[in-house]
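# Commentary on secondary and tertiary structure
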Amino acid sequence: MSKLFTIFGNPVSHSISPLIHNYTIKSLGAKACYTRTRLDDGAKIRDRFFSLDISGANVTVPFKEDAFLLCDKIEGIAKEIKAVNTIVKKDNKLIGYNTDAPGFYESIKEFDGIKSVLILGAGGTAKAISIFLKEKGLNVTILNRSEKRLGFFKDMGFEAYSWSDYEPTSYDLVVNTTSAGLKDENLPLEENILSNILKDTKYAVDVIYNKQTPFLKLARKLNLHTKDGTDMLIYQAVLAFEIFFDRKYKREDIKRYIFEALALL
Ligand SMILES: NC(=O)c1ccc[n+]([C@@H]2O[C@H](COP(=O)([O-])OP(=O)(O)OC[C@H]3O[C@@H](n4cnc5c(N)ncnc54)[C@H](OP(=O)(O)O)[C@@H]3O)[C@@H](O)[C@H]2O)c1
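Residues numbered from 1 in each chain as written. Predicted model: local features only at pLDDT ≥ 70, side-chain atom pairs only at ≥ 80, totals over all residues. Heavy atoms only, no water.

## Quick word on the overall build of the chain
Along the backbone of the chain there are 11 helices and 12 strands. By the compact-globule yardstick of 18 Å for 265 residues, the chain fits well, its C-alpha radius of gyration being 19 Å. With the C-alpha coordinates aligned to their principal axes, the bounding extent of the chain is approximately 55 × 35 × 35 Å. For the chain, buried positions account for 55% of its 265 residues. Counting only contacts in the chain whose residues sit at least 6 apart along the sequence, the fraction spanning at least 24 positions is 62%. A total accessible area of about 12,700 Å² is found for the chain, and carbon and sulfur atoms account for 48% of it. Taking the 38 positively charged and 34 negatively charged side chains of the chain as two groups, their mean positions are separated by 5 Å. (Helix = DSSP H or I, 4+ residues; strand = E, 2+ residues; numbered from the N terminus. Rg over C-alpha atoms; globule rule 2.2 N^0.38 Å. Buried < 20%, exposed > 50% of the residue type's maximum accessible area, 1.4 Å probe, protein only. Contact = heavy atoms within 4.5 Å. Areas by Shrake-Rupley, 256 points an atom, 1.4 Å probe, with all protein chains shown as cover. Lys, Arg positive; Asp, Glu negative; His and termini not counted. Charge placed at Lys NZ, Arg CZ, Asp CG, Glu CD.)

## Description of the pattern of salt bridges
Counted by the stated rule, this structure contains 18 salt bridges. Residue Glu147 pairs with Lys154 through a salt bridge whose shortest N-O separation is 3.0 Å. One continuous salt-bridge network, built from bridges that share partners, spans Glu110, Lys227 and Asp231. (Salt bridge = Lys/Arg side-chain N within 4 Å of Asp/Glu carboxyl O.)

## A short note on the domain arrangement of the chain
In terms of domain boundaries, the chain breaks down into domain 1 (3–98 + 231–263) and domain 2 (103–228). Taken over C-alpha atoms, the centre of domain 1 sits 26 Å from the centre of domain 2. On the side of domain 2, 17 residues touch domain 1, which itself brings 12 residues to the contact. Regarding the contact of domain 1 and domain 2, the summed buried area is about 1,200 Å², with carbon and sulfur atoms giving 70% of it. Sorting the residues of domain 1 by area buried against domain 2 places Ile77, Ile81 and Met232 first, and these three jointly supply 41% of that buried surface. Between Lys227 and Asp231 there is a salt bridge, with the nearest N and O atoms lying 2.6 Å from each other. (Domains from an automatic or database assignment. Buried area = accessible area lost by both parts, 1.4 Å probe.)

The structure is reproduced here in structure tokens:
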């Protein structure tokens, strides 16, 4: 029987997940189709799963926390992150996972000797990445524009600062998880402070994909090794695809087809 997959979000029309998953499904000869579903209310995810007989789904902004709450069971790092970006239906139960964080980790494996990381931003992506990196034994600091989201990180034992109480220092890796640079040409932090941090830093990653953001441009100017969020996107999709099909297909094949799909853009 053919399976139905979808991505839940709002907005969701820009998502490239249907392209990369459908291309991979077709290339592997799987019997499935991947669509997109815009919702006004994340609480409806559960109802849609059962009324449309969906086998699996990705979840994007702003419903990852809703998805965490409505699953019957949570697996892996999603328990700590309290946000779910991948759901499968098994025996009529919804099982939730987070593949953003391990996807990010895969994407930085090529960088040697990372021990200390500064994360710019304190939203959902910052939570996922920081918790995963901390579990891997890295020393993670959070720096956010405002104070309001820092409580979560302080409660989890992170060093967490707002712009007003931060003293610049150096790190092995700086990650931009803010949306500065996504639809504008803003830096995620005042230029002098950011330059001060980056001048002694080895690597810079922006989770925004397919774009040389002002953050990455500045880091390149200061001779850092840089990378955008494309690899993170690819790896989170590879891990989700493995979960959707219960690890039936080889990771290397899934990765190759997802790369091929992205080249079509
Ligand atoms: N590559 C991938 O696979 C992937 C996966 C997931 C997400 N992403 C990207 O990650 C980014 C963040 O997503 P999210 O869900 O974590 O967002 P979010 O939960 O809305 O958090 C946004 C964060 O950015 C900060 N911010 C927003 N505009 C800013 C600005 N102009 N200057 C400085 N800080 C600013 C906010 O600070 P305040 O707290 O002060 O408001 C907040 O900490 C998006 O660009 C998204 O596309 C990429």
